[in-house]
Amino acid sequence: NRTHTYVFDVSNLANPVQKPTFIHADDSIDHNLYVWGSIHKRGWGGNAAMGSSAPDLKYAYLSNYAAGLRVLDVTDIETGMNEVGFF
């Protein structure tokens, strides 16, 4: 029962599309997944505008209870995600 991260494209709410699932090496509870986009950079996502200091748009940031912070590359979301860092 390793941790799974599920991604859905909800750009069309009448037709949500599930993207490939990422299965983590660890068995942990996956929560607080953040993907940054242009709305966040401009301050529309509930935070102040970040300008050039915004996180890279190609990464998803995941907080896991027992596995720490995980960083996934979501550049090619159609074929899957890759873990590129953790702390």
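Just so we're clear, the structure is a prediction, and the values are computed from it rather than from any experiment. Positions within a chain are numbered from 1, following the residues in the order the chain's sequence is written. For this predicted model, a pLDDT threshold of at least 70 governs which residues receive local features, and a threshold of 80 or more governs which side-chain atom pairs are given and counted, while totals over whole chains, interfaces and linings are taken from all residues. As a rule here, side-chain values cover all heavy atoms of the structure and leave hydrogens and water aside.

## A closer look at the nonpolar core
Move 1: The nonpolar core is taken to be a set of buried Ala, Val, Leu, Ile, Met, Phe, Trp, Tyr and Cys residues, with the residues joined through side-chain atoms within 4.5 Å. When a residue's accessible area, from a 1.4 Å probe over protein chains only, is under 20% of the maximum for its type it is buried; when over 50% it is exposed; and in between it is partly exposed. Counting seven residues, the largest nonpolar core consists of Val7, Phe22, Ala60, Leu62, Leu72, Val74 and Met81.
Move 2: Should any heavy atoms of two residues lie within 4.5 Å, those residues are considered in contact. Those residues in contact with valine 74, other than ones at most four positions away along the chain, are Leu57, Lys58, Tyr59, Ala60 and Met81.

## Some thoughts on a nonpolar patch on the surface
Move 1: Only residues whose relative accessible area exceeds 30% and that form no salt bridge enter a patch; like-charged residues are grouped when within 9 Å of one another, and nonpolar side chains (Val, Leu, Ile, Met, Phe, Trp, Tyr) when within 5 Å. Surface exposure here means Shrake-Rupley accessible area, sampled with a 1.4 Å probe, where a residue is shielded only by the protein chains that are shown. Salt bridges are defined as contacts in which a side-chain nitrogen from Lys or Arg sits within 4 Å of a carboxyl oxygen from Asp or Glu. A surface patch of nonpolar side chains, amounting to about 460 Å² of accessible area, comprises Tyr6, Phe8, Val10 and Leu13.
Move 2: Assignment of secondary structure puts valine 10 in the loop between β2 (8–9) and β3 (17–18).
Move 3: Among the residues examined, valine 10 registers a relative accessible area of 47% and is labelled partly exposed. Put simply, DSSP H or I for four residues or longer makes a helix, DSSP E for two residues or longer makes a strand, and each gets a number counted from the N terminus.

## Description of the side chain of serine 28
Move 1: By the secondary structure assignment, serine 28 is in the loop between β4 (22–23) and β5 (30–35).
Move 2: Beyond its immediate chain neighbours, meaning those up to four positions away, serine 28 contacts Thr3, Asn64, Tyr65, Ala66 and Ala67.

## Considerations on the confidence of the model for the chain
Move 1: For every residue, the pLDDT score states the predictor's confidence, bounded by 0 at the bottom and 100 at the top. The pLDDT averaged across the chain works out to 79; a share of 78% of its residues lies at or above 70.
Move 2: Averaged pLDDT values over the elements of the chain bottom out at 59 in helix α1 (residues 38–41) and peak at 93 in β3.

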